[in-house]
Amino acid sequence: MRIKSTLENYLFVTPAVLIFSIFYIIPFIFVFRLGFYDWDGIVPLKDAVFVGLANFKEILFHDPSWWQAMRNASWITLIALTFQNALAFLLALACDREIRMKNFYRVVFFIPPVLSEIVVGMVWRFIINDIDGANMINRLLLQIGLPQLAHSWLSDPKLALNTVAIVHSWKGFGWGFLIFLAGLQTIPRELYEAARVDGAGAWHSFRKITFPMMVPVMVLVGILTVLGTMQAFVLIIGLVGGEFAGHTSVPVLRILACMRDSSRFGYACAQGISFGAILVIISFIQYRFSKERQLKKI
Amino acid sequence: MKTAIYYKAKKNTINILIHLFLLTVAVTCIFPLLWMVSSSLKSQDVIFRDTSFLPRVFHFENYYRAWVEGGFGRYFLNSIFYTAAVVIGIVIVASLAAYAFSRLKFPGKNVLFIMFIAAMMIPIPGSFVALYVLLNKLHLRDTPVGYILAMINVGLSSSIFLLKTFFDKMPTELEDAARIDGCSKLGIWWHVALPLAKPVLAVVVVFNALSVWNEYVLALIIFDSRRFMPLQVAIKLFQGEFVTNYPLLMAGLTITVLPIIIVYLLMQKYIVKGVTAGAVYG
């Protein structure tokens, strides 16, 4: 009777565990194994050549395009961390008060995050590309008499990465905005009242109340921004198109290209492992950093 | 001496500035979409000359052509089918597991649960490479079944987590009563637990529906056959082939975006809930 009941209980988790094992755990193990092999995806898997750490050595020392992709992703992440999150925080501050149309703003700011990356990329490409002189932004700049500000936003190697970063921030800020706003609303209003009674100005109560209470939320948004932005790539496919030229390439695009264009499955997996490890380390450091800061406060 | 009028004027000025800031950002959020719709109604001849927001002539036939000649009707139905199948799959599989993790007793329960949660935290950026190989081996690549199962897995961990958190807080009286009345465990899950979990199920449904509808990379590596492709992959292919026909491309993009906007506007309460729930968890 007991045994039958336990078996019955296992039935509840069986579908989840089966799907999870096949589509998560096996690929996970598989990535780790393949990372040490040289395999073109065509010959039978058992004939793949074991190459030890060769793939990882190549990533570290002989693959400038990988490191360029890492630099590009870091740059986009830096802009997302500063510009995108600052914008999100300012908008949240502006909405966290008695203000009309609060709900309208909240609904509108979260429109870009619910759109797909490929659509966002393609719509913005249509607005700022250079084909057939279709560039809407440039036309607008010409009309208002600022032709010197018109640029080839996507084909100029110096600009393309920044364009990608700005469009990425456009797509992402609404999401940080919502989390910041939720965080701000958990701060008890009495604190502000008390501060005002004690004669604190707006700036002072921001520095002494709002900011310290928002640090954990900022760290959380920071971690999620880094993890999300470093791995972003679909937006770039939509925005820049098929030409994954070096100046807008990012790590996941390299992994995809290694697999699809050069059929180097083992190398692609090794890149995935290295990149995953870097991401885990970054988020761990950020997490520790936030813990220490909070301890110091106490 | 500063008067009350001075303070009132100062407050109003600040409010106007704040609204200006908020409105500017709001306009940048909406403008690209309006421009997309407006361009989808122009003809190819004037699309780059006619800079007006409202086209002089509305070319609604662009939608008909995109739907029929561009094949977006087919891709649209594919996307609807995948979204429905994956969401139903996730709701059933995740709620069964979450219910067991919350209410039932069996050895290894905690280990299994932690395994699901750990999967949410560890990023494996190259996992699609392995998934591609695996699905090839199972002869599930380029099949709807392979894509649906892979996508169920994508939403599984977070859905189990959300549902388990909800079940943990749910009082057990109703379930106890059902048990005394002789209801089986499966019956309790279906007749009692699931109906009570409606608010959190709504979050699970909306979030997973958005994520399946918007998914790109797995569909890209899994499907070779055009007849199976969902919208996101098809629209990118379309751009490559009909590179010069911008109105049709914009009509296709509008078809791709419209369901998302509608679902978002109807369900935005649940979306806000889900985003903040995810944040609290983190």
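Since the structure is predicted, the reported quantities are computational estimates derived from the model, not experimental observations.

### Observations concerning the overall build of chain A
- Regarding its fold elements, chain A presents 13 helices and 2 strands.
- Here the C-alpha radius of gyration of chain A, 24 Å, is well above what a compact globule of 298 residues would show, namely 19 Å.
- On the principal axes, the C-alpha backbone points of chain A span a range of 75 × 75 × 35 Å.
- Scored against the burial criterion, the 298 residues of chain A give a buried share of 40%.
- The long-range fraction of contacts in chain A, counting pairs at least 24 apart against all pairs at least 6 apart in sequence, stands at 72%.

### Examining the overall build of chain B
- Scanning chain B from terminus to terminus reveals 12 helices and 0 strands.
- Since a compact globule built from 282 residues should have a radius of gyration of about 19 Å, the 25 Å found for chain B marks it as more spread out than a globular shape.
- Taken along the three principal axes of its C-alpha coordinates, chain B extends 75 × 70 × 35 Å.
- The burial tally for chain B puts 44% of its 282 residues in the buried class.
- When contacts within chain B are restricted to residue pairs at least 6 apart in sequence, those whose partners lie at least 24 apart make up 75%.

### A short note on unusual backbone geometry
- Positive phi is not limited to glycine here, since Met101 of chain A has a value of about 65°.
- As for its position among the elements, Met101 of chain A is in the loop between helix 3 (64-95) and helix 4 (102-109).
- Here Asp142 of chain B, not a glycine, exhibits a phi torsion of approximately 60°, which is positive.
- When you line up the elements, Asp142 of chain B lands in the loop between helix 5 (127-137) and helix 6 (144-169).

### Observations regarding the environment of Thr3 of chain B
- Position of Thr3 of chain B relative to the elements: it lies in the segment before helix 1 (4-40).
- For the pair Thr3 of chain B and Ile271 of chain B, spaced 268 residues apart in the sequence, the C-alpha separation amounts to 45 Å.

### A look at the interface of chain B and chain A
- Facing the 66 residues of chain B at the interface are 70 residues of chain A.
- Mapped by element, the contributors of at least two residues to the side of chain B that touches chain A are helix 1, helix 3 (72-103), helix 4 (109-121), helix 5, helix 6, helix 11 (231-241) and helix 12 (246-281) of chain B.
- No other element matches the 13 residues that helix 12 of chain B contributes to the side of chain B that touches chain A.
- Split into classes, the residues belonging to the side of chain B that touches chain A amount to 50 nonpolar, 13 polar and 3 charged.

### Points about the packing of helix 3 of chain A against helix 8 (residues 157-185) of chain A
Residues and elements named next belong to chain A.
- For the pair helix 3 and helix 8, interaxial distance at closest approach is 6 Å and the crossing angle is 40°. One element, helix 3, and the other, helix 8, form an angle in the oblique class. Judged by the sense of rotation from one axis to the other, the crossing of helix 3 with helix 8 is right-handed.

### A closer look at the environment of Leu154 of chain A
Residue and element names in this part refer to chain A.
- Of note, Leu154 is situated in the loop between helix 7 (136-143) and helix 8.
- Judged by local crowding, Leu154 falls into the buried class, with 22 C-beta atoms found within 10 Å.
- With 35 residues separating them in the primary sequence, Leu154 and Val119 have C-alpha atoms 16 Å apart.
- Apart from the residues lying within four places of it in its own chain, the contact partners of Leu154 are Arg125, Ile128, Asn129, Ala160, Thr163, Leu239 and Val240.

### A short note on the nonpolar core
- Formed by 165 residues in total, the largest nonpolar core has its most connected members in Ala94, Ala97 and Val129 of chain B.
- The dominant element in this core, judged by the number of residues it contributes, is helix 3 of chain B, at 16 residues.
- Residues in contact with Val129 of chain B, not counting those within four places in the same chain, are Val31, Ile255, Met259, Phe265, Ala268, Cys269 and Gly272 of chain A.

### Details of helix 10 (residues 202-230) of chain A
All names here are of chain A.
- Here helix 10 spans only 36 Å end to end across 29 residues, well under the 42 Å set by a 1.5 Å rise per residue.
- By the largest-angle criterion, Val215 marks the main kink of helix 10, which is about 45°, and a proline, Pro216, follows within four residues.
- Within the sequence span of helix 10, burial applies to Met214, Val217, Leu220, Val221, Thr225, Val226, Thr229 and Met230.

### Observations regarding the confidence of the model for chain B
All names here are of chain B.
- In the predicted model, chain B carries a mean pLDDT of 89, and the fraction of residues at 70 or more is 96%.
- Averaged pLDDT values over the elements of chain B bottom out at 85 in helix 12 and peak at 96 in helix 3.
- Among the scores for the predicted complex, ipTM is 0.90 and pTM is 0.91.

### So, the packing of helix 4 of chain B against helix 6 of chain B
Residues and elements named next belong to chain B.
- The geometry of helix 4 relative to helix 6 is characterised by a closest axis approach of 9 Å and an angle of 120° between their N-to-C directions. Considering their axes alone, helix 4 and helix 6 lie oblique with respect to each other. Seen along the crossing, helix 4 lies across helix 6 with a hand that is left-handed. Between helix 4 and helix 6, the contacting residues are Phe116, Ile117, Ala119 and Met120 on the first element and Ser157, Ser158, Ile160 and Phe161 on the second.
- Of the residues that constitute the contact of helix 4 with helix 6, the class distribution is 6 nonpolar, 2 polar and no charged.

Here is what the cut-offs are and how they apply
Sequence positions are assigned chain by chain, starting from 1 and proceeding in written order. Labels are handed out in written order, letters beginning with A for the chains and numbers beginning with 1 for the ligands. Under the rules for a predicted model, residues below a pLDDT of 70 receive no local features and side-chain atom pairs below 80 are neither given nor counted, while totals for whole chains, interfaces and linings still include all residues. Secondary structure elements follow DSSP: runs of H or I of four or more residues count as helices, runs of E of two or more count as strands, with numbering from the N terminus. This radius of gyration counts C-alpha atoms alone. The globule rule is 2.2 Å times how many residues there are, raised to the power 0.38. Counting other C-beta atoms within 10 Å of its own, a residue is labelled buried from 20 upward, exposed at 12 or fewer, and partly exposed in the gap between, with every C-beta atom placed from the backbone. With C-beta atoms placed from the backbone, a contact is any residue pair whose C-beta atoms sit within 7 Å. Residues are grouped as follows: Ala, Val, Leu, Ile, Met, Phe, Trp, Tyr, Cys and Pro are nonpolar; Asp, Glu, Lys and Arg are charged; all remaining types, including Gly, are polar. Axis definition: a line fitted to C-alpha atoms, over the contacting stretch in the case of helices. Angles run 0 to 180 degrees between N-to-C directions. Orientation categories follow fixed angle ranges, with anything under 35 degrees roughly parallel, anything over 145 roughly antiparallel, 65 to 115 roughly perpendicular, and all other angles oblique. Take the far helix as the reference: if the near one is turned anticlockwise from it by less than a right angle, the crossing is left-handed, and if turned clockwise, right-handed. Put simply, a nonpolar core is a cluster of buried Ala, Val, Leu, Ile, Met, Phe, Trp, Tyr and Cys residues tied together by C-beta atoms within 7 Å. How far a helix is expected to stretch is found by multiplying one less than its residue total by 1.5 Å. Note that bend, as reported per residue, equals the angle between axes fitted to the 7 residues terminating at that residue and the 7 residues originating from it. Values of pLDDT, the confidence the predictor places in each residue, fall between 0 and 100.

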